[in-house]
Amino acid sequence: MTKNFVEELQWRGMVHDVMPGAEEHLMEEMRSAYVGIDPTADSLHIGHLVGVMMLRHFQLAGHKPYALVGGATGMIGDPSGKSAERNLLDEKTLRHNEEALKEQLSRFLDFESGEPNAAVLVNNYDWMKNFSFLEFIRDVGKHITVNYMMAKDSVKKRLSSDAKEGMSFTEFTYQLVQGYDFLYLYQNHDCTLQMGGSDQWGNITTGTELIRRIGGGKGFALTCPLITKADGTKFGKTEGGNVWLDAERTSPYKFYQYWLNTSDEDAEKYIKIFTFLSKKEIENLVAEHKEAPHMRSLQKKLAEEVTVMVHSQEDLDNAIKASNILFGKSTSEDLKQLNEKTFLDVFDGVPQATLGKEELEPGLDMIGALAAKTGFLGSNGEARRELKQNSISVNKEKVKEDYLITASDLINDKFVLLQRGKKNYFVLVVE
């Protein structure tokens, strides 16, 4: 028996608009739905996660999810507010990106089981590449009036007097291309529902209109709210750019930190959207959090669940260990287990000095390491004073003035971590 998919999304705060009749349609039997994903990079970022979670819930409810990689649409740009048109991808890059995205999606969706509701990955480039312009305007364009296209909010916004620049013909036709995708999947894969962000409503309903006019059938639309942050800054962005699902682009440590640092208000919203915890579990967590907000139990649980889902339990354990290096009790052993990327992420922004390897051969004395050679402390006198007060550590271990730093102290053959007191860090980079 299929579960009530729409009801599940509703209590999670994941429904912005849903076409009348969609819920009943989904309760009748196994249905197929799709979400479009832009393939301009070989990794998803957390902005894509909501659509992926919708597909996962759809599959868990007994339905068949389609992930559509927008190879064709990715080439022309979407008018829904992203002002810059996209770069044209060559086919080789497109296929590489498609493979990489499928691998990431398979962490969420079951593609391989052979079950009737196993997920399918499709690419609209495959059916658009041989479609000539004349065929397209004859077979698709004539069914939709310009008045209909102009009435869409995404188009109106770009043509209003407030808009800084107009809209190219290419972008204007985007809704027809996306609408045709829905028609194609309806005709060839019996796909009756398209899902996306609320900014996609206009494009999705153009598809339902084509299904009605050309396919003589009925398609449905469901959108989720655009994810925002309570402080008004953009969700999924940091100073360094997007938060990616690929560990090479965003380390599991940084990924974990992103979720850990959400505000109380956002964490309460996100834990429903980005985890599969049950309603009861979430209610208990929220109650617990309200009693002791300083414990940040909601943020910790959110960060743990999402990091394990996207990466692995091992990556989560390492991320927690790395977090403890700055904020908790940890040892030189813990430090030495960090790989170079995580080490640099943990100590991002900490002052550094670079020394040659030859300086460590005779052993680097502590006064040199703290002042003369690095400028970590203001003077040799200050360095002596701090050493006498037992407030200096090398790689998390307290040292005295007679300690010599040698190659055996190097983390990843490259770094030494100096520390004064609890909070002041300094990284020696040895090259």
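Computed from a predicted model, the values in this text were never measured in an experiment.

Cut-off values and rules
Residues numbered from 1 in each chain as written. Predicted model: local features only at pLDDT ≥ 70, side-chain atom pairs only at ≥ 80, totals over all residues. Heavy atoms only, no water. Buried < 20%, exposed > 50% of the residue type's maximum accessible area, 1.4 Å probe, protein only. Helix = DSSP H or I, 4+ residues; strand = E, 2+ residues; numbered from the N terminus. Pairing = 2+ DSSP bridges. Expected span 1.5 Å × (residues − 1). Contact = heavy atoms within 4.5 Å. Axes fitted to C-alpha atoms, helices over the stretch in contact; angles between N-to-C directions. Salt bridge = Lys/Arg side-chain N within 4 Å of Asp/Glu carboxyl O.

**Student:** Please provide a residue-by-residue account of the pairing of strand β15 (residues 424-430), values included.
**Tutor:** The element β15 is largely enclosed, with a buried count of six among its seven residues. Direction of pairing for strand β9 (residues 352-355) relative to β15: parallel, over a ladder of four bridges. Of the residues in β15, the one forming a bridge with A353 is L428. In this structure, strand β14 (residues 415-420) lies alongside β15, joined through six bridges in antiparallel fashion. Within β15, the position partnered with L418 by the bridge is F426. The hairpin formed by β14 and β15 contains three residues between the paired strands, and G421 there has a positive phi angle of roughly 65 degrees.

**Student:** Lay out helix α3 (residues 49-60) in plain terms, naming residues and giving numbers.
**Tutor:** Taking 1.5 Å of rise per residue, the 12 residues of α3 would be expected to cover 16 Å, and the 16 Å separating its terminal C-alpha atoms lies within 8% of that figure. Counting buried positions along α3 gives 10 out of 12 residues, so the element sits mostly inside the fold. Among all positions in α3, only L49, V50, G51, V52, M53, M54, L55, H57, F58 and Q59 are buried. Directly after α3, the chain includes G62, whose backbone phi takes a positive value near 95 degrees.

**Student:** Describe the sheet that holds strand β3 (residues 64-69), with residues and values.
**Tutor:** Pairing in this open sheet of six strands is mixed, and the strands run β1-β6-β5-β2-β3-β4 from one edge to the other. In this open sheet, the two strands that pair with only one neighbour each are β1 (17-18) and β4 (120-123). Where strand β2 (residues 32-37) meets β3, six bridges bridge the pair, whose relative direction is parallel. Counterpart to V35 in the pairing with β3 is A67. Along the sheet, helix α4 (residues 91-105) contacts β2, β3 and β4; its crossing angle with β4, the most-contacted strand, is approximately 160 degrees. Contacting β1, β5 (191-197) and β6 (220-224), helix α11 (residues 201-213) runs over the sheet at an angle of about 170 degrees to β6.

**Student:** Describe the pairing of β14, and please don't skip the residues or the numbers.
**Tutor:** Burial runs high along β14: five of the six residues are buried. Bridge count for strand β11 (residues 392-394) against β14 is three bridges, and the pairing is antiparallel. Residue S393 lies in a different strand from β14, and its bridge partner there is Q419.

**Student:** Explain the sheet that holds β15 to me, using residue names and the numbers behind them.
**Tutor:** Spatial ordering of the open sheet is given by β9-β15-β14-β11-β12, a layout of five strands whose pairing is mixed. This sheet does not close on itself; its edge strands, each paired only once, are β9 and β12 (397-398).

**Student:** Kindly report on the pattern of salt bridges, identifying the contributing residues and their values.
**Tutor:** On inspection of all chains with the given rule, the structure shows 20 salt bridges. Note that K414 and E340 form a salt bridge whose closest N and O atoms lie 3.2 Å from each other. You can see K414 sitting in the loop between β13 (404-405) and β14 and its partner E340 sitting in helix α18 (residues 340-346), a full 74 residues away along the chain. Note on K414: relative accessible area 23%, which makes it partly exposed. R420 is the partner of E386 in a salt bridge, and the nearest nitrogen-oxygen pair spans 3.9 Å. Within this pair, whereas E386 is found in helix α20 (residues 380-388), its partner R420 is found in strand β14, the two being separated by 34 residues in sequence. Taking the relative accessible area as the measure of exposure, E386 reaches 15% and is therefore buried. Given the relative accessible area of 22%, R420 is considered partly exposed.

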